[in-house]
Amino acid sequence: MPSAAYIGLFVAAFGAATLLPLQSEAVLVGLLVNAAHPPWALVIVASAGNVLGSVVNWLLGRYLERWRAYRWFPVRSDQLEKAQARYHRYGRWSLLLSWVPVIGDPLTVLAGVMREPLWSFVLIVAVAKAGRYIFIAALTLGLR
């Protein structure tokens with residue numbers, strides 16, 4: 001059975017990746033400083049939780065897109081089609097910024113609206129999210 005530390009870190013990372021105002025970095029740093037668990041395992045758990053939370057955002061974006069025919073939808077259908085074309089041409093790599101506070105979570109929702117294929121979404125977001133946690137772990141542990 002996984003330890004409470006891993007479960008707590010996963011939940012914090014998952015929630016932080018959604019539109020909820022949660023932080024997972026402090027939980028990771030606390031567990032790294034405690035030194036009761038291998039750093040590589042903590043980075044994997046945090047990364048997995050954060051990527052899965054981003055997939056929830058992507059799914060929300062895909063679901064939201066279905067409502068575009070309604071008058072209350074914030075973007076006109078023709079604008080959305082133009083944005084989708086631009087996103088598919090240039091926007092995929094913007095997902096490398098999915099780790100950035102404030103802009104990263106809405107960006108993952110936008111990727112769903114823009115119909116980014118799930119495989120490329122997960123791959124790019126995983127690189128970005130894991131990279132952030134690796135950096136935080138290295139900084140916390142004094143590695144260079």
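Computed from a predicted model, the values in this text were never measured in an experiment.

Draft legend 1. Inspection of the pattern of salt bridges at higher detail. Enumeration over the complete set of coordinates arrives at 2 salt bridges. Where Arg-132 meets Glu-25, a salt bridge forms, and the shortest distance between an N and an O atom there is 3.3 Å. Separated by 107 residues along the polypeptide, Arg-132 in helix 6 (residues 118-141) and Glu-25 in helix 2 (residues 25-34) bring together distant segments of the chain. Here the two residues Arg-132 and Glu-25 agree in accessibility, since each one is buried. Salt-bridge contacts for Glu-116 lead to Arg-92; the nearest nitrogen and oxygen are separated by 2.7 Å. Of this pair, Glu-116 sits in the loop between helix 5 (104-113) and helix 6 while Arg-92 sits in the loop between helix 4 (77-91) and helix 5, and the two are 24 residues apart along the sequence. Relative accessible area serves as the criterion here: at 26%, Arg-92 is assigned to the partly exposed category.

Draft legend 2. Layout of the packing of aromatic side chains. Using the criterion set out here, one finds 2 aromatic pairs in the structure. Ring geometry for Phe-10 and Phe-14: centres 6.3 Å apart, planes at 20°, overall stacked. Placement of both Phe-10 and Phe-14 in helix 1 (residues 4-17) is noted, with a separation of 4 residues, approximately one turn of the helix. Given the relative accessible area of 30%, Phe-14 is considered partly exposed. Aromatic side chains Trp-58 and Phe-121 sit 6.2 Å apart centroid to centroid with 35° between the ring planes, which places their arrangement in the tilted category. In this pair, Trp-58 is assigned in helix 3 (residues 39-65) and Phe-121 in helix 6, connecting sequence segments 63 residues apart. Overall, Trp-58 belongs to the buried group, its relative accessible area being 7%. On the basis of relative accessible area, Phe-121 is assigned to the buried category, the value being 0%. It is Arg-132 that lies over the ring of Tyr-133; its NZ or CZ is 4.3 Å from the centre.

Quick notes on the rules
- Residues numbered from 1 in each chain as written.
- Predicted model: local features only at pLDDT ≥ 70, side-chain atom pairs only at ≥ 80, totals over all residues.
- Heavy atoms only, no water.
- Salt bridge = Lys/Arg side-chain N within 4 Å of Asp/Glu carboxyl O.
- Helix = DSSP H or I, 4+ residues; strand = E, 2+ residues; numbered from the N terminus.
- Buried < 20%, exposed > 50% of the residue type's maximum accessible area, 1.4 Å probe, protein only.
- Phe/Tyr/Trp six-rings, centres within 6.5 Å; stacked < 30°, edge-to-face > 60°.
- Lys NZ or Arg CZ within 6 Å of the ring centre and 35° of its normal.

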